[in-house]
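Observations on the three-dimensional arrangement
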Amino acid sequence: MKVELEDVTFRVSSFSLGPLDFSVEEGTITAIIGKNGSGKSTTLKLIHGDLKPNTGSVSIDSSKVSSLSSAELAEKTSFVWQEIYNPMSFSVRDVMNVSGYKRGNDEDSMGEALESVGLSSLIDMDFSVLSGGERRLVTVAAAIYQDSEIMIMDEPTNFLDIDNQIVVYKLLKRLRDAGKTLILTMHDLDAVHNLADSVLILRGGRKVAWGSTSSTLNIENLNKAFNVSFHSYDTVNGSAFAGSYKG
Amino acid sequence: MNVTENERVKAFVQRRREMKYIWIGFLFLLLIITILLSDFVGSVRIPILNLLEIYGSQIPFLSNFVPHGYTLAQEQIIVQLREPEILGGVVIGASLGIGGAAIQSIFRNPITEPYIIGLSSGASLGAVSSIVLGLTIFGIYTQQITAFIFGLSIVFIVYFFALKGGRIHPTYLLLTGVAVSFFVSALVALLLFTNINLQGEAFFWLLGSLENINWTVLYPVAIVVLITSYAIYLQHRELDAIQMGDMHARSVGVNVERTKRITIFMVALGVSASVSISGLIGFVGLVMPHLSRMLLGGSNKHVIPASGILGAIFLICADDIARGIVPGIVVPIGIVTGIIGVPFLMYFMRKLTGGKYEG
Ligand SMILES: Nc1ncnc2c1ncn2[C@@H]1O[C@H](COP(=O)(O)OP(=O)(O)OP(=O)(O)O)[C@@H](O)[C@H]1O
Ligand SMILES: [Mg+2]
């Protein structure tokens, strides 16, 4: 399913975002990068219709997001939120059940989704006693369990150790290869370099660059987006970025 | 995970789930026993044989076969006084417990209860003004009916004040509820301040009591509570989702505002009806959902029914103590729930949590 933004602008008090104008192709990974507070989460919420743009419009699968009911939206998109609530006394299963609200719950798919992040043994654990990283993995598994065509993920690798970051990167690739459309934010530029098909770079709510990863994710644009000066270097896996302090 | 381990995990999960139903069944049984035993409590002692005969005589068809060894006075005490009072405790305790579970889910806040949305202050204003102004527009049940109408109306006022751009934000609703409650409570205080001679009667209502409940008022309230409780239960999956955040709930397909609207309206209806005949009984709506979560986990599928059953059991027991502790005197139930209920529950909460309960 395609996601399209047309001249989207949005403002709250002192922060303004946009104009954003791009479309995300089906079966691709799109990464949004930028400094803290540059508007990444806000962009994702605009795409998902949680925030209403002041001008312009967002459409998913050529219908306007603002006209979709929550049920229709949930069938098309799932969302991994940046901040994780601590629902009162929920087990991991309860958290997963919530994501099965539309599709109906079934044990096998729930087990599979949890197994894809290596946590199926935690299914009856109290969600609130899990570590931060484990909770993050459960929310990723929950989004997979929801089984929608588009997956929006706000920092899915937040809190994760290096092993689990790689688990999630591989998972994201598998999802894309299975035809899912992924829109995500991430702070690890090398991961973005390796994973993403397209990149949106933001700074202070303004678009620095948008396009295919190879044409967009370069030193010139990164230097515009962040306050450090970047250089690239070769590794066994190809080139990587490193930033150094200015001055 | 290999196949045998998978099977083992599944069996374990199955057992755990069955345990939850066993728990609810057990609580329900406990409720029935509490109801039956509570008929013994009171200033007049009634022998068990006579009590059983009276029960028998109330069951259609069976009544033809049981001996009538009891006196008319005994029958009157059981059927006209104790039974409606005890069943009133069931209805009111259940509506408070269930309302508490639903309201805590909507607010994602464990220290909220149904009263927070303006219910208690509204109902107080209704009851106290009918006492102070000597209203008789609805006949002998004027006080109950005005309490009900005011409770419901204040919730509507709170709801519409808190509505912003078609959405209800939990924090904003909470603050509006608290603010409006303050205002309405000030009006209640003003009414009482200017009518010193009626403070006693109003005071009794404000502390809550099951003593004045009779079949005439119990029937309509029981029907309202039954319907609203069921309506709330039907929302259990939506309420679970809302506990994870309004935006998360929407993203999994829940119509968040509709769920809130239905839930708030049903809680307001059920709890206003309840307090209209009992006065303000605190504590049940706050604590029973927690106790349920500790016993059965956080899913509202179990929390809602368990909170209802526990609320009923708790209120009947508190009422037994209120009736039985000082011979010949009925202590207001609010005093009992506070002085005896709170330490008891604090103890249990400590025991049950074992350090793992967070929020
Ligand atoms: N409701 C609001 N009122 C005022 N300012 C807001 C509001 N929502 C977002 N902002 C501001 O908008 C800016 C962008 O926020 P956003 O959450 O999109 O940043 P982000 O790029 O996701 O940052 P991070 O990397 O820290 O997650 C921030 O400066 C934030 O303070
Ligand atoms: Mg963010």
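Right above here is the structure, for reference.
Here the structure is a predicted model, which is why all the values come from computation and not from measurement. (Residues numbered from 1 in each chain as written. Chains lettered and ligands numbered in written order. Predicted model: local features only at pLDDT ≥ 70, side-chain atom pairs only at ≥ 80, totals over all residues. Heavy atoms only, no water.)

With that settled, consider helix 4 (residues 119–132) of chain B. Residue and element names in this part refer to chain B. Between its terminal C-alpha atoms helix 4 stretches 20 Å, which fits the 20 Å expected from 14 residues at 1.5 Å a residue. A large share of helix 4 lies buried, amounting to 14 of its 14 residues. With its phi angle positive at about 60°, Gly134 sits one or two positions after the end of helix 4. (Helix = DSSP H or I, 4+ residues; strand = E, 2+ residues; numbered from the N terminus. Expected span 1.5 Å × (residues − 1). Buried < 20%, exposed > 50% of the residue type's maximum accessible area, 1.4 Å probe, protein only.)

It is worth spelling out the packing of aromatic side chains at this point. Applying the stated criterion across every chain, the model contains ten aromatic pairs over all chains. Among the aromatic residues, those joined into a cluster by ring pairs are B:Phe156, B:Tyr159, B:Phe160 and B:Phe265. A cation over an aromatic ring shows up here: B:Arg108 above the ring of A:Tyr85, its NZ or CZ 5.1 Å from the ring centre. Taking the ring centre of B:Tyr172 as reference, the NZ or CZ of B:Lys164 above it sits at 4.5 Å. (Phe/Tyr/Trp six-rings, centres within 6.5 Å; stacked < 30°, edge-to-face > 60°. Lys NZ or Arg CZ within 6 Å of the ring centre and 35° of its normal.)

Residue and element names in this part refer to chain A. Inspection of the region around ligand 1 gives 14 residues, with Gly37, Lys40, Ser41, Thr42 and Gln82 positioned closest. His187 has a polar side-chain atom sitting 3.5 Å from an oxygen atom of ligand 1. Here ligand 1 loses 60% of its free accessible area of 640 Å² to cover by the protein chains. Looking at the shell around ligand 1 element by element, the count peaks at three residues for helix 1 (residues 40–47). By residue class, the composition of the shell around ligand 1 is two nonpolar, nine polar and three charged. (Near = heavy atom within 4 Å. Polar contact = N/O pair within 3.5 Å; in protein donor to acceptor, adjacent residues only side chain to side chain. Areas by Shrake-Rupley, 256 points an atom, 1.4 Å probe, with all protein chains shown as cover. Nonpolar A, V, L, I, M, F, W, Y, C, P; charged D, E, K, R; others polar.)

Time to look at the coordination of the magnesium ion (ligand 2). All names here are of chain A. Each protein donor to the magnesium ion (ligand 2) is listed here as Ser41 (OG) and Gln82 (OE1); together their distances run 2.0 to 2.2 Å. Of the two residues, Ser41 sits in helix 1 while Gln82 sits in the loop between strand 6 (77–80) and helix 3 (92–99), which places them 41 residues apart along the sequence. We classify Ser41 as buried; its relative accessible area is 18%. (Donors = N, O, S within 2.8 Å, 3.2 Å for Na, K, Ca; no water.)

For the rest of this paragraph, the subject is the pattern of salt bridges. Per the counting criterion, the structure on display carries 14 salt bridges over all chains. A salt bridge links A:Arg176 to A:Asp197; the nearest nitrogen and oxygen atoms lie 3.0 Å apart. Pair noted here: A:Arg176 is in helix 6 (residues 162–177) and A:Asp197 is in the loop between helix 7 (189–195) and strand 9 (198–203), with a separation of 21 residues, a long-range link. You can call A:Arg176 buried: its relative accessible area is 15%. Through salt bridges with shared partners, a single ionic network connects B:Glu85, B:Asp319, B:Asp320 and B:Arg323. (Salt bridge = Lys/Arg side-chain N within 4 Å of Asp/Glu carboxyl O.)

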